Amino acid sequence: LTSITIPQSVTKIGKYAFSGCSSLTSISIPESVTEIGNDAFYGCSSLTSITVSKDNKVYDSREDCNAIIHTESNTLISGCKNTIIPPSVTEIGSSAFSGCSSLTSISIPSSVTKIGKYAFSHCSSLTSISIPESVTEIGYNAFRGCSSLTSITIPPSVTEIGEETFYDCSSLTSITIPPSVTKIGWYAFYGCSSLTEVRIPNGCNVDKSAFWDCPNVQIIRY
């Protein structure tokens with residue numbers, strides 16, 4: 001399956017509707033669609049073009065961003081490897097890029113305050129990402145399975161690293177946790193087998209499972 005036309009009779013695209021359509025290159029959302037489930041395009045690794053009808057009252061693809069944005073909340077709900085996040089977006093929604101294995105890099109604008117759960121999970125080609133200081137919340141499993149991710153910068157605006165956030169980021173070698181972080185959840189860095197050094201503030205509560213299966217890691221308190 002390389003392309004598909006969604007008719008005006010369709011009002012809802014369910015969860016995992018096009019999951020695993022790895023040869024699908026483009027998708028166009030008609031005016032009639034008012035609901036799109038999480039992971040609707042999970043694993044569509046060849047997807048390069050996403051457009052939404054200008055007459056759609058719920059979603060848009062403003063500034064030709066190659067993404068689906070919930071118009072009222074300014075939440076990006078689905079993206080692809082060619083997505084450019086507009087500066088009006090305030091949240092990267094749950095599973096927005098989940099399974100986008102061809103995504104290598106992404107720029108997050110300073111308008112974004114939240115990265116939802118599973119937002120970048122299993123983006124296996126993603127090598128680095130910079131999180132702006134506007135972000136105050138990173139959802140659990142947000143970067144799970146990003147096996148090519150070598151570095152990550154946690155901004156001082158973040159207060160908690162949730163459960164399994166960086167689970168199986170096997171190429172991650174080092175990370176500094178800012179003083180603002182007071183809690184690191186269970187399995188947060190589980191399976192980060194290349195991790196050698198982590199700097200953690202003294203006041204941070206770290207779950208005992210946070211660094212399981214990280215055989216070479218050295219925890220440095222500061």
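Further up the page is the structure itself.
Rules used throughout
Residues numbered from 1 in each chain as written. Predicted model: local features only at pLDDT ≥ 70, side-chain atom pairs only at ≥ 80, totals over all residues. Heavy atoms only, no water. Pairing = 2+ DSSP bridges. Helix = DSSP H or I, 4+ residues; strand = E, 2+ residues; numbered from the N terminus. Buried < 20%, exposed > 50% of the residue type's maximum accessible area, 1.4 Å probe, protein only. Disulfide = S-S within 2.5 Å. Polar contact = N/O pair within 3.5 Å; in protein donor to acceptor, adjacent residues only side chain to side chain. Contact = heavy atoms within 4.5 Å. Core = buried A, V, L, I, M, F, W, Y, C linked by side-chain atoms within 4.5 Å. Phe/Tyr/Trp six-rings, centres within 6.5 Å; stacked < 30°, edge-to-face > 60°. Lys NZ or Arg CZ within 6 Å of the ring centre and 35° of its normal.

Asker: What should I look at first to understand the sheet that holds strand β13 (residues 160-161) in this one?
Answerer: What links the strands of a sheet is backbone hydrogen bonding, and the strands pair in either a parallel or an antiparallel sense. If you trace the three strands from one edge of the open sheet to the other, you get β13-β15-β17, paired in parallel fashion. The open sheet has two edge strands, β13 and β17 (205-206), and neither has a second partner. Strand direction decides the pairing type here: β13 and strand β15 (residues 183-184), joined by two bridges, are parallel. Across the sheet, E160 pairs through a bridge with K183, a residue of β15.

Asker: Help me out: how do you make sense of unusual backbone geometry in this one?
Answerer: The phi dihedral of Y118 is positive, around 60°, even though this residue is not glycine. Structurally, Y118 is set in the loop between β9 (114-115) and β10 (128-130). Y118 gets classed as partly exposed once you look at its relative accessible area, which sits at 30%. Phi at D213 is positive, roughly 60°, even though this residue is not glycine. Here D213 shows up in the loop between β17 and β18 (218-221).

Asker: It is not clear to me how the sheet that holds β9 should be interpreted in this structure. Could you clarify?
Answerer: Pairing in this open sheet of six strands is mixed, and the strands run β5-β6-β7-β8-β9-β11 from one edge to the other. Looking at the sheet topology across the chains shown, the edges are occupied by β5 (59-60) and β11 (137-138). Inspection of the sheet shows β5 paired to strand β6 (residues 67-70) by two bridges, in the antiparallel sense. Looking at β6, one finds that D60 is bridged to I69.

Asker: How should I be thinking about the state of the cysteines in this particular structure?
Answerer: Simply put, disulfide is the name for a covalent bond between the sulfur atoms of two cysteines. Summed over the entire model, instances satisfying the criterion amount to zero disulfides. This cysteine, C100, is not joined by any disulfide, and C123 carries the nearest cysteine sulfur, 5.4 Å off. There is no disulfide at C192, and the cysteine sulfur nearest it, in C214, is 5.1 Å away. A residue is classified by how much of its surface remains accessible, and C192, at 0% relative accessible area, is buried.

Asker: Just to check I follow, could you spell out the pairing of strand β7 (residues 75-79) for this structure?
Answerer: Successive side chains on a regular strand alternate, one facing one side of the sheet and the next facing the other. Of all five residues in β7, four are buried, a share of seventy percent or more. With four bridges joining them, β6 and β7 adopt antiparallel strand pairing. Considered in β7, the bridge of H70 is made with T75. Joining the antiparallel neighbours β6 and β7 is a turn of four residues, in which N74 adopts a positive phi near 60°. Alignment of β7 against strand β8 (residues 91-92), held across two bridges, turns out to be parallel. Each bridged residue has a counterpart across the sheet, and for T75 the counterpart in β8 is E91.

Asker: Please clarify how the side chain of S157 should be interpreted in this entry.
Answerer: Tracing the chain through its elements places S157 in the loop between β12 (151-153) and β13. Here S157 falls in the buried class, since its relative accessible area comes to 19%. Within the structure, S157 has its side chain in polar contact with the backbone oxygen of E133 (distance 2.7 Å). There is a polar contact of 2.4 Å between the side chain of S157 and the backbone oxygen of V135. In this structure S157 touches P132, E133, S134, V135, T136 and S180, once residues within four positions along its chain are discounted.

Asker: Explain the nonpolar core here, please?
Answerer: Nonpolar side chains tend to gather and get buried jointly when the protein is soluble and globular. Of all hydrophobic cores here, the largest spans 48 residues; its most connected members are I92, F97, I115, F120, F143, I184 and F189. For this core, the elements supplying multiple residues, two or more each, are β6 and β16 (197-200). Counting 18 residues, the second-largest nonpolar core is a separate cluster that includes I6, F18, I27 and C44.

Asker: Even after reading the chapter, I still don't get the packing of aromatic side chains, so can you show me in this structure?
Answerer: Summed over all chains, the structure comprises 12 aromatic pairs. For the pair F97 and F120, a centre-to-centre distance of 5.1 Å together with 5° between the ring planes defines the contact as stacked. In this pair, F97 is assigned in the loop between β8 and β9 and F120 in the loop between β9 and β10, connecting sequence segments 23 residues apart. Judged by relative accessible area, which is 0%, F120 ranks as buried. Feature note: the residues F97, F120, F143, F166, F189 and F211 constitute an aromatic cluster, connected by ring pairs. In this structure, R144 packs its charged tip against the face of Y167, placed 3.9 Å from the ring centre. Geometry around Y222 places R199 over its ring, the cationic atom sitting 5.0 Å from the centre.

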